[in-house]
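Residues per chain, in single letters:
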Amino acid sequence: QGRLVESGGGLVQPGESLTLSCTASGMIARIFDMAWYRQWPGKQRELVAVISADMVPRYVDDVKGRFTISRNNAAKMVNLEMMNLNSEDSATYYCYANVFLTAAWQRTDLWGRGTQVTVSS
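Engineer: What's the story with the sheet that holds strand S7 (residues 67–72) in this structure? I'm lost.
Structural biologist: Working definition: the strands of a sheet are paired by backbone hydrogen bonds and lie parallel or antiparallel to each other. Overall, antiparallel pairing links the four strands, which are arranged S1-S3-S8-S7 in an open sheet. Of all strands in the sheet, those with a lone pairing partner are strand S1 (2–7) and S7, marking the two edges. Strand after strand, the sheet turns through a mean of 15° between neighbouring axes, direction not considered.

Next up, the structure:
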C-alpha cells in the first residue's frame, strides 16, 4: 500500500504566497509523475502542475509564472509554491503520484485527501 499526505493549506490574502507539500509513504518501489490538482465545489478536479521523475515541470496556463512545482525524489516529496494568489485559486488541492507498489507489484495512481486553500481579504 502507498499513501500521500498533503500539508500547507490555509487562509491567505490576495497577492500572498503559500507552499503546499506532499509526502509519499508505504511500500513504493518507484514514483513516476507527481502532480497537484485542484477542485472547486461542484466542479471536476483539474490539473494544476505536474513534474516528471526527471524533474521536468508542466503547468496549466492559469498558473504559469505564479506557481512552481518541485520534487525531492529521495524524500518522496512534491511541493507546490504558489505566489500572487487570487480568489480564483481558492480550492481544495490534491496531491497525485503515479507509483509502482512493491507489495502489489503493480503500477497505480495514488491521491492525497486534499488540503484547502482559501484566498480572501
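Engineer: Looking at this model, I keep getting lost on the environment of Ala-104. Mind explaining?
Structural biologist: If you trace the backbone, Ala-104 turns up in the loop between strand S9 (91–101) and strand S10 (106–111). For the pair Ala-104 and Leu-80, spaced 24 residues apart in sequence, the C-alpha to C-alpha distance is 29 Å.

Engineer: Which parts of the structure should I look at to understand unusual backbone geometry?
Structural biologist: Glycine aside, negative phi is the norm for most residues, and most peptide bonds take the trans geometry. One non-glycine residue, Lys-76, lies in the positive phi region at around 55°. Counting through the fold element by element, Lys-76 comes out in the loop between S7 and strand S8 (77–82). In the Ramachandran plot, Asn-84 falls in the positive-phi region, its phi being about 50° despite a non-glycine side chain. With respect to the element layout, Asn-84 can be found in the loop between S8 and S9. Relative accessible area serves as the criterion here: at 47%, Asn-84 is assigned to the partly exposed category.

Engineer: Would you take a moment to explain the side chain of Asn-98 for this structure?
Structural biologist: Tracing the backbone through its elements, the reader meets Asn-98 in strand S9. Separated by 2.8 Å, the side chains of Asn-98 and Asp-109 make a polar contact.

What counts and what doesn't
Residues numbered from 1 in each chain as written. Predicted model: local features only at pLDDT ≥ 70, side-chain atom pairs only at ≥ 80, totals over all residues. Heavy atoms only, no water. Pairing = 2+ DSSP bridges. Helix = DSSP H or I, 4+ residues; strand = E, 2+ residues; numbered from the N terminus. Axes fitted to C-alpha atoms, helices over the stretch in contact; angles between N-to-C directions. Buried < 20%, exposed > 50% of the residue type's maximum accessible area, 1.4 Å probe, protein only. Polar contact = N/O pair within 3.5 Å; in protein donor to acceptor, adjacent residues only side chain to side chain.

All we've got here are geometric facts, nothing functional implied.
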